[in-house]
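Residue-level structure breakdown
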Amino acid sequence: MYTGGLENHPRLVDRISREHPLMGNPGNVLRQACNPFHIREILTDQDLAFPEVTRSIPTTTSEQWLRKPFRSTGGHGISPVSLRATPIVSDQTTSNKDVFFQRFLDGPCYSATYLASDHTCELLGVTRQLVGQRFTNGPSFGYCGSLGPIVLTGKQKSILDRIGQALTATIPLRGLFGIDFVWHANQIWTLEINPRFPASVEILELAFGLSATGLHCQACLDPKHLCIQPTATSLQYGKAIIYAPESCTITSGNFQHWITHNASKRTTSGDPCSWFADIPMPGTRISVGGPILTVVAQDGNSHQVLRRLIRTGRQIQQECHSPGPLERSDATNQPKTLKEILSINLPGG
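Just so you know, these numbers come straight off a predicted model, no measurement behind them.

Before going further, it helps to examine the state of the cysteines. Scanning the entire structure with this criterion turns up zero disulfides. Cys-248 takes part in no disulfide bond, and the closest cysteine sulfur, belonging to Cys-320, lies 4.4 Å away. Owing to a relative accessible area of 4%, Cys-248 belongs among the buried residues under this scheme.

So this is what it looks like as structure tokens:
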């Protein structure tokens, strides 16, 4: 079983699977799922929205485009290409076998997680993506966390069901996979497929009491007896990956504080709280822009969860002796208000 990044190396996946049982998608499936031109054809044939993609930027458009690597994960390597303000730069617009261009659509980003087996799939849930959020110090288009679960209208769920069914009817996906989508012009636009264990699935695990690993393995090994029994929750959950504004070294004091905090704060009672994951060992050197750790939070609503993530993220950056957002005085680096940061739920949900 593999997670983010390995889908970009289908030959390696096939090589490993010749010696070990594969619980996931083989190389031929990865090549299809990671081909944006193929995905666009599948979805648009079913009247499902997917932004225009091209190997080179049209020179006659005034739209904004994104330059995206074919091999990417977590939004790394994505950069905007605007034709309005600057002349066309040849190395950004010419055809390149390693990159493609996708029309940029403004709007909040989400992730839908599915469980697939035998050319069928079930939507497990939807989370709001935190992308390039300033309080995390993450890269502009980089994934830096999730909030959820998101409440859907009947129409929104129906469209997401159709997207999953269209993909699995054509591509033999199996196990957990995700799609990233943007809410733009009052509709769902699929951006890309993640044909492996999605980063946001742990939010759904917390919310619905699911074992994502167990479901994934069962879908791959014994799909006929697959049983999904989510439990209802009134809580909202979130996680944020906190990145280092400056290089720092994790001290034994940092480590002990985070471990002690986890032991005292994390509960299963449903009380509002936050805790830490991916805690680095003492002596770990974190380079500028590198991830320090992940903050996880639960509370009664998503805005309270987000407040907890922001507050704890600032504390982490300060504890690591890095100038986090609280220590900066210039207005351009101050975090936006909650309303400006994101509209968490889909409209109508």
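From this point, things continue past the structure.
A few words now on the packing of aromatic side chains. Counted by the stated rule, this structure contains six aromatic pairs. With a centroid separation of 6.4 Å and 40° between ring planes, the pair formed by Phe-37 and Phe-70 is classed as tilted. Taken together, the residues Phe-37 in helix α3 (residues 36-44) and Phe-70 in the loop between β2 (64-69) and β3 (79-82) connect sequence positions 33 residues apart. Take Phe-37: its relative accessible area is 23%, and that puts it in the partly exposed class. Among the aromatic residues, those joined into a ring-pair cluster are Phe-37, Phe-70 and Phe-100. Positioned over the ring face of Tyr-110 is Arg-128, at 5.4 Å from the centre of the ring.

Scanning the entire structure with this criterion turns up five salt bridges. Here Lys-239 and Glu-202 are joined by a salt bridge, their closest N and O atoms 2.6 Å apart. Remark: Glu-202 occurs in helix α6 (residues 201-208) and Lys-239 occurs in strand β10 (residues 236-243); sequence separation between them is 37 residues. The class for Lys-239 is buried, based on a relative accessible area of 6%. Owing to a relative accessible area of 30%, Glu-202 belongs among the partly exposed residues under this scheme. Here Asp-299 ties to Arg-308 by a salt bridge, and the two come within 2.8 Å at their closest N and O atoms. Across this residue pair, the class does not change: Asp-299 and Arg-308 are buried.

What follows deals with the confidence of the model for the protein chain. Looking at the protein chain as a whole, the pLDDT averages 86, with 87% of positions reaching at least 70. Within the model, pLDDT remains below 50 along residues 85-94, and this stretch shows 14 contacts once partners closer than five positions in the same chain are excluded. Counting interchain partners and residues more than four positions distant, the pLDDT-below-50 stretch residues 322-337 has 28 contacts.

So, on to the pairing of strand β4 (residues 99-103). With four of its five residues buried, β4 lies for the most part within the structure. Pairing between strand β1 (residues 53-54) and β4: two bridges, direction antiparallel. If you follow Thr-54 over to β4, its bridge partner there is Phe-101.

Another aspect to go through is the sheet that holds strand β6 (residues 120-131). Read from one edge to the other, the open sheet built from eight strands follows the order β9-β8-β5-β6-β7-β10-β14-β12, with strand pairing classed as antiparallel. One side of each edge strand has no neighbouring strand; the edge strands of this open sheet are β9 (187-194) and β12 (273-277). Strand after strand, the sheet turns through a mean of 30° between neighbouring axes, direction not considered. With seven bridges connecting them, strand β8 (residues 175-184) and β9 associate as antiparallel partners. In the strand pairing of β9, Gly-178 is matched with Asn-194. Against the sheet, helix α9 (residues 302-319) engages β6, β7 (143-148), β10, β12 and β14 (291-299), with an angle of about 150° to β14.

Time to look at unusual backbone geometry. A cis amide bond links Gly-148 to the next residue, Pro-149, at an omega of 5°. Within the secondary structure, Pro-149 sits in the loop between β7 and α5 (154-170). If you check the backbone angles, Asn-137 has positive phi at about 65° while not being a glycine. Tracing the backbone shows Asn-137 in the loop between β6 and β7. At Asn-186, a residue that is not glycine, the phi angle is positive and equals roughly 60°. Among the secondary structure elements, Asn-186 is positioned in the loop between β8 and β9.

Relative to each other, α3 and α5 sit at 120°, their axes nearing to 9 Å. One way to sum up the angle between α3 and α5 is to call them oblique. Both α3 and α5 take part in a crossing whose hand is right-handed. Here His-38, Ile-39, Ile-42 and Leu-43 of α3 come into contact with α5, specifically with Ile-163, Ala-166, Leu-167 and Thr-170.

Within the secondary structure, Ala-263 sits in helix α8 (residues 252-265). Residues Ala-263 and Trp-275, spaced twelve residues apart in sequence, show a C-alpha to C-alpha distance of 8.8 Å.

Next up on the list: the nonpolar core. Grouped together as the largest cluster of nonpolar side chains are 56 residues, with contacts concentrated most on Leu-160, Leu-167, Ile-179 and Ile-292. Per element, the largest residue contribution to this core is five residues, and it comes from α9. If we ignore the near neighbours within four places in the chain, the residues touching Ile-292 are Ile-242, Tyr-243, Ala-244, Ile-250, Trp-258, Asp-278, Pro-280, Ile-286, Ile-316 and Cys-320. By size, the runner-up hydrophobic cluster in this structure holds 16 residues, among which are Val-201, Ala-207, Leu-215 and Leu-235.

Cut-offs applied
Residues numbered from 1 in each chain as written. Predicted model: local features only at pLDDT ≥ 70, side-chain atom pairs only at ≥ 80, totals over all residues. Heavy atoms only, no water. Disulfide = S-S within 2.5 Å. Buried < 20%, exposed > 50% of the residue type's maximum accessible area, 1.4 Å probe, protein only. Phe/Tyr/Trp six-rings, centres within 6.5 Å; stacked < 30°, edge-to-face > 60°. Helix = DSSP H or I, 4+ residues; strand = E, 2+ residues; numbered from the N terminus. Lys NZ or Arg CZ within 6 Å of the ring centre and 35° of its normal. Salt bridge = Lys/Arg side-chain N within 4 Å of Asp/Glu carboxyl O. pLDDT = per-residue confidence, 0-100. Contact = heavy atoms within 4.5 Å. Pairing = 2+ DSSP bridges. Axes fitted to C-alpha atoms, helices over the stretch in contact; angles between N-to-C directions. Parallel < 35°, antiparallel > 145°, perpendicular 65-115°, else oblique. Left-handed = near helix turned anticlockwise from the far one by under 90°. Core = buried A, V, L, I, M, F, W, Y, C linked by side-chain atoms within 4.5 Å.

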